[in-house]
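# An overview of the molecular structure
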Amino acid sequence: MLKQELLYRIGRLQKTMETHSIDSYIITAEEDIWYFTNITYKPEERPFFLVISPDQQPVLVVPKLEESHVYKGIIDCKVITYWDYPSPVGENWNEVLNDFIKRFERTGIEDNVKAEVFLKIKAKELVPSQLIVEQRKRKSPYELEKIRSSARISDRAMEMIFKSVYKGATVIEPFALSRNIQTELIRTKQFDPITTSLLTAVWPAPISSMPHSIPNLGDRLGSGPNVAMAYFRINGYASECERTFFLEKPTSEEEALFYLMMTARQRALKVLKTGVRAADVDSEARNYLIKNGLSENLLHRTGHGVGLGNHEAPFVAEGSNEILEENMVITIEPGIYIDRVGGYRHSDTILVTKEGYELLTTAPTELSDVIIKRANPIAKLKGSLIQKSLKIE
């Protein structure tokens, strides 16, 4: 099934190349090569290349060190090696690659190529393009199955966070929960260490007002608003789920801000479907929050694409020209950030459908479900030990 999927992806690219009159295409980003070959590697300073042409076998140009590794790939590829980085004259990657592509008249290259690599490629005509980023936006049934699986695990991780947090817990405790997920993946033989990354975390108030900050390991969770995150890439396929939660009854001001965040989220979801401009989805949420006096409390767009990466095209943003299409996967996550108070943000992994959307992450969202009142388990343990020592019935 995986081999069929990889050949399908290559076939799609070959057809697109023909419509653009491109007779070879150079791919060098790690994620993009994995997308077409399922070969996992870490390039370090030694670049890898996949060259696809419309009517020939795919060609891998790799360091000699990796030759035997890439021959074990799922699809058949011709393998050309260079010695190392750097190499003697005649054996460098650029000399080997350039010698191969000189037979082609018009060579495309995905424009996420590193500048130092791009400058050393000599083709008769070299055309920077975005054929792969465009292809990756629309997910196949195979990809959707993998993303759904990743999203289910994100949901489970959020449930684990909700079941373990308490007022006074350190941020280390939810962070450590990702080890449980990793152990389960290993136990069930579903763990590729190179294409899997697992992050469970909670940003406690007031640090939750800075969504890309890093809490100190000794920071403790307070009443709220706290923002929990399950941010996963599992065997190559990403998902995310984020929730704002409270560890005691929120104040009236906290309830009001939570309501504004939820309403902005619902407004974005209400217009979400195939054929809608991504910028219009963003503006539904953003303009609502601005009208309610929160223009100075917005830090980011409404969402972004999810697939092989946690952040990829399409971007649900004010400056986007994207038209959303069926089987794109995005997040919706409008946020409100009050300095020295905290942040308010839910995020879900969402499939765009013809008539609307499907939530792939389904953790609780309503205020009544994200107020978590739980005693410190250590304090409870101490209490039970004292009770036992005093023989109190």
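Keep in mind that what you see is a predicted model, and the values were worked out from it rather than measured.

## Description of the sheet that holds strand β9 (residues 237–245)
Here we have three strands laid out as an open sheet, ordered β7-β8-β9, and antiparallel in their pairing. Each edge of the open sheet is held by one strand with a lone partner, namely β7 (197–203) and β9. Adjacent strand axes in the sheet meet at a mean angle of 5° when their direction is disregarded. Relative to strand β8 (residues 226–234), β7 is paired through seven bridges, and the arrangement is antiparallel. Within β8, the position partnered with Ser 197 by the bridge is Arg 233. Running at roughly 30° to β9, helix α7 (residues 141–164) makes contact with β7, β8 and β9 of the sheet. Packing against the sheet, helix α8 (residues 172–187) makes contact with β7 and β8, and its axis sits at approximately 155° to β7.

## With respect to unusual backbone geometry
The bulk of non-glycine residues show a negative phi, and the bulk of peptide bonds are trans. For the bond from Ala 205 to Pro 206, the omega torsion is 0°, close enough to zero to count as cis. The residue Pro 206 is located in the loop between β7 and β8 in this model. Omega for the bond connecting Ala 313 with Pro 314 falls within 30 degrees of zero, at 5°, which places this linkage in the cis form. Its location among the elements puts Pro 314 in strand β11 (residues 312–316). Of note, the phi angle at Asn 327 is positive, near 75°, even though the residue is not glycine. Here Asn 327 lies in the loop between β11 and β12 (329–332).

## Some details on the side chain of Glu 242
Here Glu 242 shows up in strand β9. Within the structure, Glu 242 has its side chain in polar contact with the side chain of Arg 345 (distance 2.4 Å). Beyond its immediate chain neighbours, meaning those up to four positions away, Glu 242 contacts Met 158, Ala 228, Met 229, Glu 333, Arg 345, His 346 and Ser 347.

## Thoughts on the sheet that holds strand β6 (residues 126–129)
Pairing within the open sheet is mixed, and its six strands lie in the order β4-β3-β2-β1-β5-β6. Whereas interior strands pair on both sides, the edge strands pair on one side only; in this sheet they are β4 (78–82) and β6. When the angles between neighbouring strand axes are averaged without regard to direction, this sheet yields 25°. Across three bridges, strand β1 (residues 24–27) lies against strand β5 (residues 107–110) in parallel orientation. For Tyr 25, the partnering residue across the bridge sits in β5 and is Gly 108. Against the sheet, helix α2 (residues 30–37) touches β1, β2 (49–52) and β5, its axis set at about 50° to β2. Lying on the sheet, helix α4 (residues 93–101) is in contact with β1, β2, β3 (59–63), β4 and β5; it crosses β4 at an angle near 140°.

## Structural notes on α2
Summarising burial for α2: six of the eight residues are buried, a large majority. Three or more residues of α2 are buried, namely Asp 32, Ile 33, Trp 34, Tyr 35, Phe 36 and Thr 37. Directly after α2, the chain includes Asn 38, whose backbone phi takes a positive value near 65°.

## Some remarks on the pairing of β8
With eight of nine residues buried, β8 is to be regarded as a mostly interior element. By the bridge criterion, nine bridges tie β8 to β9 in an arrangement that is antiparallel. Bridge assignment links Arg 233 to a residue of β9, and that residue is Ala 238. Linking β8 back to β9 in an antiparallel pair, the connection comprises two residues, with Asn 235 at a positive phi of about 50°.

## Looking at the environment of Ser 368
Position of Ser 368 relative to the elements: it lies in the loop between β16 (357–359) and α11 (377–389). With relative accessibility at 59%, the residue Ser 368 sits in the exposed group. A C-alpha to C-alpha distance of 9.7 Å links Ser 368 and Phe 245, two positions 123 residues apart in sequence.

## Focus: the pattern of salt bridges
Overall, the coordinates contain 27 salt bridges when judged by the stated rule. Note that Glu 125 is salt-bridged to Arg 106, the shortest N-O span being 3.3 Å. Of the two residues, Glu 125 is situated in the loop between α5 (115–118) and β6 and Arg 106 in the loop between α4 and β5; the sequence distance between them amounts to 19 residues. Using a relative accessible area of 25% as the deciding quantity, one classes Arg 106 as partly exposed. For Glu 358, the salt bridge goes to Arg 148, with nearest N and O atoms at 2.5 Å. Taken together, the residues span a long stretch of sequence, with Glu 358 in strand β16 and Arg 148 in helix α7 at a distance of 210 residues. For Glu 358, a relative accessible area of 30% translates into the label partly exposed. A single network of salt bridges, built from pairs that share partners, joins Glu 31, Asp 32, Arg 136, Lys 139 and Glu 312.

Rules used throughout
- Residues numbered from 1 in each chain as written.
- Predicted model: local features only at pLDDT ≥ 70, side-chain atom pairs only at ≥ 80, totals over all residues.
- Heavy atoms only, no water.
- Pairing = 2+ DSSP bridges.
- Helix = DSSP H or I, 4+ residues; strand = E, 2+ residues; numbered from the N terminus.
- Axes fitted to C-alpha atoms, helices over the stretch in contact; angles between N-to-C directions.
- Contact = heavy atoms within 4.5 Å.
- Polar contact = N/O pair within 3.5 Å; in protein donor to acceptor, adjacent residues only side chain to side chain.
- Buried < 20%, exposed > 50% of the residue type's maximum accessible area, 1.4 Å probe, protein only.
- Salt bridge = Lys/Arg side-chain N within 4 Å of Asp/Glu carboxyl O.

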